[in-house]
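Observations on the model geometry
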Amino acid sequence: MIFGKSIKGYTLGVIAAATYGLNPLFALPLYADGMDANSVLLFRYLAGIPIIALLALISGESLSIKRREIIPLALLGLLMGFSSLALFESYNCMEASIASTLLFVYPLMVAVIMTLLYHEKFTWITGACLVTAGIGLTLLYNGKPDSSLSLTGIAWVMVSALSYAIVLVAINRSVLATMPSNRLSFYMLLFGALIFVVPVLSGKPVIAPDNNKLWICILALGLLPTAVSLVCTAKAIHFIGSTPVALLGVFEPVTAVFCGVLVFGERLTGRDTAGLVLIMISVLLVIAGGLIQKRFTNES
């Protein structure tokens, strides 16, 4: 039974990471049409909200919450929205591939938070996963020869990573830890959308999609990298904890690479292949390490 929950948790974690990695597939056409980050994120969150509400309805899950849960949900949602906004702001300061690579410091942040605040043991497997994944991500990064780092951009990425790390920990270690995943995800998106609504109320123009193809991109963005990814993340955390789910997040760039090759006609180099292999090894280490730890815990 415990192993069944663990396997389900790791599977959901991989699905969450893989679907989140589809962001570029649906977001790039929107940017190419002239939409800005705030508009894309606003429509992304607004599209995800009714999708998760429908998932809750289909599963017979109530969306009612208690008064004491409102503030934690609001804080978690605002952190989620701010993390998204900070990452997209970093794209204005540096190459997006650099920012996306730097973002994967968040699994280390989650591991550190869990170790320092909740006394979770930092195992050699966790360390090996971080090192292997870090080398794999470095190999996957193919920046332009003249690209450079921006201190402002780095600051935005670190803020985004820390915000997301806190969200992952809070899902597992706050009063919301036992809340059903659909309900939790619904309110996170609902409150998170305020981050993008406020600028609009302050006079910032909204750039809407101007054809059916782009509206399909919006719906796909709201369904896969938003609703499915967030619900699977919350469910996975309930099964296996924050640190393993964060480490499985390294699977996101794998999806992005395959989208680039299959959809955008990008070339898969030997360096890319080596990076993908190392990332897959790190994912297998996370899963194998977790299952081994469960087995020893049960035997003792």
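As a reminder, the structure under discussion sits directly above these lines.
Source: prediction; values computed, not measured.

Basis of the calculations
- Residues numbered from 1 in each chain as written.
- Predicted model: local features only at pLDDT ≥ 70, side-chain atom pairs only at ≥ 80, totals over all residues.
- Heavy atoms only, no water.
- Helix = DSSP H or I, 4+ residues; strand = E, 2+ residues; numbered from the N terminus.
- Expected span 1.5 Å × (residues − 1).
- Bend = angle between axes of the 7 residues up to and from the residue.
- Polar contact = N/O pair within 3.5 Å; in protein donor to acceptor, adjacent residues only side chain to side chain.
- Patch = residues over 30% accessible without salt bridge, like charges linked within 9 Å, V, L, I, M, F, W, Y side chains within 5 Å.
- Areas by Shrake-Rupley, 256 points an atom, 1.4 Å probe, with all protein chains shown as cover.
- Salt bridge = Lys/Arg side-chain N within 4 Å of Asp/Glu carboxyl O.
- Buried < 20%, exposed > 50% of the residue type's maximum accessible area, 1.4 Å probe, protein only.
- Contact = heavy atoms within 4.5 Å.
- Core = buried A, V, L, I, M, F, W, Y, C linked by side-chain atoms within 4.5 Å.

Turning to helix H11 (residues 212-240), a few remarks are in order. In this model H11 runs 40 Å from its N-terminal to its C-terminal C-alpha over 29 residues, within 8% of the 42 Å that 1.5 Å per residue would give. Bending of H11 peaks at approximately 30 degrees at the position of Ser229. N-capping of H11 is provided by Asn211, with a side-chain oxygen placed 3.1 Å from the backbone N of Lys213. Looking one or two residues past H11, Gly241 carries a phi angle of roughly 100 degrees, positive in sign.

Attention shifts here to a nonpolar patch on the surface. Together, Leu108, Val112, Leu116, Leu117, Tyr118 and Phe122 give the surface a local cluster of nonpolar side chains, amounting to about 560 Å² of exposed area. Tracing the chain through its elements places Phe122 in the loop between helix H6 (106-118) and helix H7 (124-140). Owing to a relative accessible area of 39%, Phe122 belongs among the partly exposed residues under this scheme.

Glancing now at H6. The first and last C-alpha atoms of H6 sit 17 Å apart over 13 residues, in line with the 18 Å expected at 1.5 Å per residue. If you check which residues of H6 are buried, you get Tyr106, Pro107, Met109, Val110, Ala111, Ile113 and Met114. Close packing links the buried residues of H6 with H7, helix H8 (151-173), helix H12 (242-248) and helix H13 (252-262). Looking one or two residues beyond H6, the residue adopting positive phi is His119, at roughly 55 degrees.

A word on the nonpolar core. Judged by nonpolar contacts, the single largest core of 74 residues is most densely connected at Leu76, Tyr106, Leu184 and Met188. Top contributing element to this core by residue count: H8, with nine residues. Ignoring anything within four residues of it in the chain, the contact list for Met188 reads Leu76, Gly77, Met80, Val167, Ile171 and Leu230. Grouped together as the second largest cluster of nonpolar side chains are 14 residues, Leu25, Met35, Ala47 and Leu221 included.

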